[in-house]
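Residues per chain are reported as follows:
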Amino acid sequence: MRYVIIRDDDTNALTPVECLETLYRPFLDRNFPVNLATIPNVRTDVKIPGGEYEGFLYGVNARPEGPSAGQTLSIGTNSELLEYLKSNPQYRIVQHGCYHDYFEFDRRGPCRSQPAAVARRLEHGRTQLQQAGLGAPRTFVAPYDQLSRPALREVAKRFEVLSTGWFELRRLPLAWWPRYLIKRTTQRPHWRVNGTALLTHPGCLLSCHRNYADMLDNIRNMIASQRLTVLVTHWWEYFRGGRPDSDFIKVLHDTARFLESDPDVRVISFEDVIDSRIALN
């Protein structure tokens, strides 16, 4: 049996319900869990290096009456989204940073003060999700998959799963080095430290920046090559400029059909990794 986790990043207070419904109704109807990496208290002025607003700030730059620079919006302010998420239990909520600043968990301040700042953000994000009625998150995803050594240590204290793109020896707590070296020597994509599952993903295989014609074949090949695959995508990439990309959406829906058709593949949640102790490799 091979396992697949669907991880969609950047759900936040500005995410329209219709976007998630358009993308994931075929998954929900098949009773597939969809893990939404959710920004607890999104900062509304985050921009990419080119100066444009981040794509997950859906429509914010087109709203003159919208949030001002530096403002944050808690996930709890979007009652329609909360009602939708709660009425579809296949959506599993994962904590995605706190504000989703650029590299907010890879800051290089004084080592003695950084852990406290990291801890405050982690706890603030957790509180925002709980107050919105979305439960206490057990899995963490860092913005841009970037974590400093103190951040890794603080995340592992609080979460049972960390999902990220890669790990670097120089960033790891020293106590983790022996297990990491074993992971590298055996070429395992996933590993555990002190009860925390550390999961990597093979990049965003479902991305508007990839060739649509090859995307599904690449997904099939990746799933066939390892026991557990985390498939990462971003909901807003399917609606760039406020318009649905029907070709890209079709690839996502074809992925759902493929996952259903293969009897050797099972779609699971991050909680299944925790509760069922599914073998990672």
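Everything quoted here is computed from the prediction, not taken from an experiment. (Residues numbered from 1 in each chain as written. Predicted model: local features only at pLDDT ≥ 70, side-chain atom pairs only at ≥ 80, totals over all residues. Heavy atoms only, no water.)

A. A look at the overall build of the protein. When you go through the protein residue by residue, the secondary structure sums to 8 helices and 11 strands. By the compact-globule yardstick of 19 Å for 281 residues, the protein fits well, its C-alpha radius of gyration being 18 Å. Looking at the protein as a whole, 55% of its 281 residues are labelled buried. By element, 48% of the accessible surface of the protein is carried by carbon and sulfur atoms, the whole surface being about 12,500 Å². (Helix = DSSP H or I, 4+ residues; strand = E, 2+ residues; numbered from the N terminus. Rg over C-alpha atoms; globule rule 2.2 N^0.38 Å. Buried < 20%, exposed > 50% of the residue type's maximum accessible area, 1.4 Å probe, protein only. Areas by Shrake-Rupley, 256 points an atom, 1.4 Å probe, with all protein chains shown as cover.)

B. Representation of the environment of Gln-146 in the model. With respect to the secondary-structure elements, Gln-146 resides in the loop between strand 6 (139-141) and helix 4 (149-158). Relative accessible area serves as the criterion here: at 13%, Gln-146 is assigned to the buried category. Considered as a pair, Gln-146 and Phe-167 are 21 residues apart in the sequence and their alpha carbons are 9.3 Å apart. Setting aside anything within four residues of it in sequence, one finds Gln-146 in contact with Phe-103, Phe-105, Asp-106, Trp-166 and Arg-171. (Contact = heavy atoms within 4.5 Å.)

C. Looking closely at the pattern of salt bridges. Scanning the entire structure with this criterion turns up 20 salt bridges. A salt bridge links Asp-254 to Arg-257, with the nearest nitrogen and oxygen atoms 2.4 Å apart. Highlighted residues: Asp-254 and Arg-257, both in helix 7 (residues 246-261), separated by 3 residues, approximately one helical turn. Residue classification places Asp-254 among the buried residues on the basis of a relative accessible area of 18%. Using a relative accessible area of 42% as the deciding quantity, one classes Arg-257 as partly exposed. (Salt bridge = Lys/Arg side-chain N within 4 Å of Asp/Glu carboxyl O.)

D. Up close: the pairing of strand 9 (residues 196-200). Most of strand 9 sits inside the fold, with 5 of its 5 residues counted as buried. Side chains Thr-196, Leu-198 and Thr-200 of strand 9 all project onto a buried face; the interleaved residues Ala-197 and Leu-199 project onto the opposite face, where all are buried too. Both strand 7 (residues 161-164) and strand 9 contribute to a ladder of 4 bridges, which runs parallel. If you follow Ser-163 over to strand 9, its bridge partner there is Leu-199. Remark: 2 residues form the turn of the hairpin made by strand 8 (residues 191-193) and strand 9, two consecutive strands paired antiparallel; Asn-194 in that turn has positive phi of roughly 50 degrees. (Pairing = 2+ DSSP bridges.)

E. Summary view of the packing of helix 6 (residues 212-225) against helix 7. Close contact between helix 6 and helix 7 brings their axes to 10 Å; oriented N to C, the two are set at 30 degrees. Comparing their axes, helix 7 and helix 6 come out roughly parallel. Between helix 6 and helix 7 lies a crossing whose hand is right-handed. Here Tyr-212, Met-215, Leu-216, Ile-219, Arg-220 and Ile-223 of helix 6 lie close against helix 7, whose contacting residues are Asp-247, Phe-248, Val-251, Asp-254, Thr-255, Phe-258 and Leu-259. A class-by-class count of the residues in the contact of helix 6 with helix 7 yields 9 nonpolar, 1 polar and 3 charged. (Axes fitted to C-alpha atoms, helices over the stretch in contact; angles between N-to-C directions. Parallel < 35°, antiparallel > 145°, perpendicular 65-115°, else oblique. Left-handed = near helix turned anticlockwise from the far one by under 90°. Nonpolar A, V, L, I, M, F, W, Y, C, P; charged D, E, K, R; others polar.)

F. Representation of a nonpolar patch on the surface within the structure. A surface patch of nonpolar side chains, amounting to about 230 Å² of accessible area, comprises Ile-48, Tyr-102 and Phe-103. With respect to the helices, strands and loops of the structure, Phe-103 is situated in the loop between strand 5 (91-96) and helix 3 (114-131). Look at Phe-103 and you get partly exposed, because its relative accessible area is 36%. (Patch = residues over 30% accessible without salt bridge, like charges linked within 9 Å, V, L, I, M, F, W, Y side chains within 5 Å.)

G. Region of the structure containing the packing of helix 1 (residues 17-29) against helix 7. As a packed pair, helix 1 and helix 7 sit with axes 9 Å apart at the nearest point and diverge in direction by 10 degrees. Put simply, helix 1 runs roughly parallel to helix 7. The residues of helix 7 that touch helix 1, namely those facing Thr-22, Leu-23, Tyr-24, Pro-26 and Phe-27, are Ile-249, Leu-252, His-253, Ala-256 and Leu-259. Partitioning the contact of helix 1 with helix 7 into residue classes produces 8 nonpolar, 2 polar and no charged.

H. Broad picture of unusual backbone geometry. At Gln-187, a residue that is not glycine, the phi angle is positive and equals roughly 60 degrees. Turning to its location among the elements, Gln-187 is positioned in the loop between helix 5 (177-186) and strand 8. Under the relative-accessibility criterion, Gln-187 is labelled exposed at 71%.

I. Just the packing of aromatic side chains, in detail. One pass over the structure, following the stated rule, counts 14 aromatic pairs. Judged by centre distance (5.5 Å) and plane angle (55 degrees), the ring pair of Tyr-84 and Tyr-91 falls under tilted. For the pair shown, Tyr-84 and Tyr-91 are each scored as buried. Between Phe-103 and Tyr-144, the aromatic rings sit 5.5 Å apart at their centres with planes inclined by 55 degrees, giving tilted as the arrangement. Here Phe-103, found in the loop between strand 5 and helix 3, pairs with Tyr-144, found in the loop between strand 6 and helix 4; they are 41 residues apart in sequence, far enough to count as distant. Connected via pairs of aromatic rings, a cluster forms that spans Phe-167, Trp-176, Tyr-180 and Trp-191. Sitting over the ring of Tyr-53, Lys-47 keeps its end group 5.0 Å from the ring centre. Positioned above the aromatic ring of Phe-258, the side-chain terminus of Arg-220 is 5.3 Å from the ring centre. (Phe/Tyr/Trp six-rings, centres within 6.5 Å; stacked < 30°, edge-to-face > 60°. Lys NZ or Arg CZ within 6 Å of the ring centre and 35° of its normal.)

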